[in-house]
Amino acid sequence: MKFFLDTANLKEIREVAGWGILDGVTTNPSLAAKENAKFEDLIRDICAVCPGPVSAECVSEKAEDIIPEARALAKIASNIAVKIPVNLEGLKATKILSGEGIAVNMTLIFSPTQALLAAKAGAKFVSPFIGRLDDISQDGMELVREITQIFENYRFDCEIIVASVRHPRHIVDAALLGADICTIPFSVIDKLVRHPLTDAGIEKFLKDWGKVKK
Ligand code: G3P
């Protein structure tokens with residue numbers, strides 16, 4: 001499973017890139033709003049640090065406006081994936097942009113039919129938002145299971161980015177389902193390696209090492 005970082009914060013991206021496990025980055029307008037930088041400069045800097053795809057979101061609402069906005073974003077760097085919300089205008093734009101070889105990440109996916117349409121339109125990625133479904137007492141991971149099955153049935157060349165991740169169990173369940181990618185906030189990725197028994201074990205081994213004759 002590929003690990004993307006769900007952030008627009010360069011410090012966090014540099015940190016996780018340094019761990020050697022960073023495969024990509026996803027941003028959205030809410031994440032960009034937290035950073036004190038011009039959007040285009042921010043995305044360019046992220047693309048320079050990140051070894052894989054960097055999602056930058058289009059905010060236009062009509063296909064005729066989304067298309068030039070996406071083309072301009074795609075020119076920022078070779079590893080840009082343009083993020084487009086899934087609705088009819090977004091689908092129309094995705095069909096044209098994917099035909100031009102621009103990687104599209106269809107976002108705000110909350111149903112399997114939205115994912116199926118996105119894949120048919122040529123999207124390279126779909127982003128089901130599982131945490132937001134869990135927040136309203138629906139099973140976000142069930143959506144991932146259904147999309148995974150549908151994409152396998154028809155061998156769609158479209159990768160699932162499990163998004164709106166809230167805790168490490170989401171990552172375990174996504175991996176068990178064979179989802180291609182999880183996009184993870186820094187606060188959650190930081191928890192993945194920690195275990196109190198590991199810390200206690202290291203402490204004990206170091207204490208006992210002090211008693212070993214050298
Ligand atoms: O990439 C955006 C997505 O992960 C949103 O997460 O926490 O705002 O539901 P959240």
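Residues numbered from 1 in each chain as written. Predicted model: local features only at pLDDT ≥ 70, side-chain atom pairs only at ≥ 80, totals over all residues. Heavy atoms only, no water.

### Quick notes on the overall build of the chain
From N to C terminus, the chain includes eleven helices and eight strands. Dimensions of the chain along its principal axes, counting C-alpha atoms only, are 75 × 40 × 30 Å. Residues counted as buried form 44% of the 214 residues belonging to the chain. Partitioning the intrachain contacts of the chain with sequence separation of at least 6 by distance along the chain shows that 55% fall at a separation of at least 24. Of the roughly 11,500 Å² that the chain leaves accessible, carbon and sulfur atoms contribute 55%. (Helix = DSSP H or I, 4+ residues; strand = E, 2+ residues; numbered from the N terminus. Buried < 20%, exposed > 50% of the residue type's maximum accessible area, 1.4 Å probe, protein only. Contact = heavy atoms within 4.5 Å. Areas by Shrake-Rupley, 256 points an atom, 1.4 Å probe, with all protein chains shown as cover.)

### Comments concerning the side chain of Ser55
With respect to the secondary-structure elements, Ser55 resides in strand β3 (residues 54-57). Given the relative accessible area of 2%, Ser55 is considered buried. A distance of 3.0 Å separates the side chain of Ser55 from the side chain of Asn105, its partner in a polar contact. Setting aside residues no more than four positions away along its own chain, Ser55 makes contact with Val25, Thr26, Thr27, Ala81, Lys83 and Asn105. (Polar contact = N/O pair within 3.5 Å; in protein donor to acceptor, adjacent residues only side chain to side chain.)

### As for unusual backbone geometry
For Leu108, which is not glycine, the phi dihedral falls at a positive 60 degrees. Structurally, Leu108 can be placed in strand β5 (residues 104-109). Not every positive phi belongs to a glycine, and Arg155 is a case in point at roughly 50 degrees. As for its position among the elements, Arg155 is in the loop between α8 (140-154) and β7 (159-162).

### A short note on the site of the ligand
In the vicinity of the ligand, the contacting residues are Asp6, Asn28, Lys83, Phe129, Arg132, Ala163, Ser164 and Arg166. Within the contact set of the ligand, an oxygen atom lies 2.5 Å away from a side-chain nitrogen or oxygen of Asp6. Taking 310 Å² as the accessible area of the ligand by itself, protein coverage stands at 81%. Among the cavities detected, the one that contains the ligand is the largest pocket. When grouped by side-chain class, the residues that make up the shell around the ligand number two nonpolar, two polar and four charged. (Near = heavy atom within 4 Å. 1 Å grid on protein atoms, 1.4 Å probe; cavity = no way out; pocket = protein on both sides within 12 Å on 5 of 7 lines; lining within 4 Å. Sits in = over half its atoms within 2 Å of the grid points. Nonpolar A, V, L, I, M, F, W, Y, C, P; charged D, E, K, R; others polar.)

### Overview of the pattern of salt bridges
Under the definition given, this model contains twelve salt bridges. Linking Arg44 and Asp41 is a salt bridge whose minimum nitrogen-to-oxygen distance equals 3.6 Å. One end of the pair, Arg44, and the other, Asp41, are both in helix α3 (residues 39-49), three residues apart, so they sit about a helical turn from each other. For Arg44, a relative accessible area of 36% corresponds to the partly exposed category. (Salt bridge = Lys/Arg side-chain N within 4 Å of Asp/Glu carboxyl O.)

### Thoughts on the environment of Gly131
Note that Gly131 resides in helix α7 (residues 130-135). By relative accessible area, which is 0% here, Gly131 ends up buried. With residues near it in sequence (within four places) discarded, Gly131 still touches Ala163, Ser164, Arg166 and His170.

### Brief notes about the sheet that holds strand β4 (residues 80-85)
The strand order around the closed barrel built from eight strands is β1-β2-β3-β4-β5-β6-β7-β8, with neighbouring strands paired in parallel fashion. Neighbour-to-neighbour, the strand axes of this sheet turn through a mean angle of 30 degrees, independent of strand direction. Across the sheet, α8 touches β5, β6 (125-128) and β7, and the angle it forms with β6 is around 160 degrees. (Pairing = 2+ DSSP bridges. Axes fitted to C-alpha atoms, helices over the stretch in contact; angles between N-to-C directions.)

### Quick notes on helix α9 (residues 168-177)
Among all positions in α9, only His170, Ile171 and Ala174 are buried. End-on, the buried residues of α9 take up no more than an arc of 100 degrees, which puts them together on one face. Against β1 (2-6), α7, α8, β7, β8 (181-184) and α10 (186-189) lie the buried residues of α9. (Arc of directions from axis to C-beta.)

### Looking at α3
Along α3, the residues classified as buried are Leu42, Ile43, Ile46 and Cys47. Taken down its axis, α3 places every buried residue within 135 degrees of arc, on the same side. Those residues of α3 hidden inside the fold are in contact with α1 (10-19), β2 (24-26), α2 (29-33), β3 and β4.

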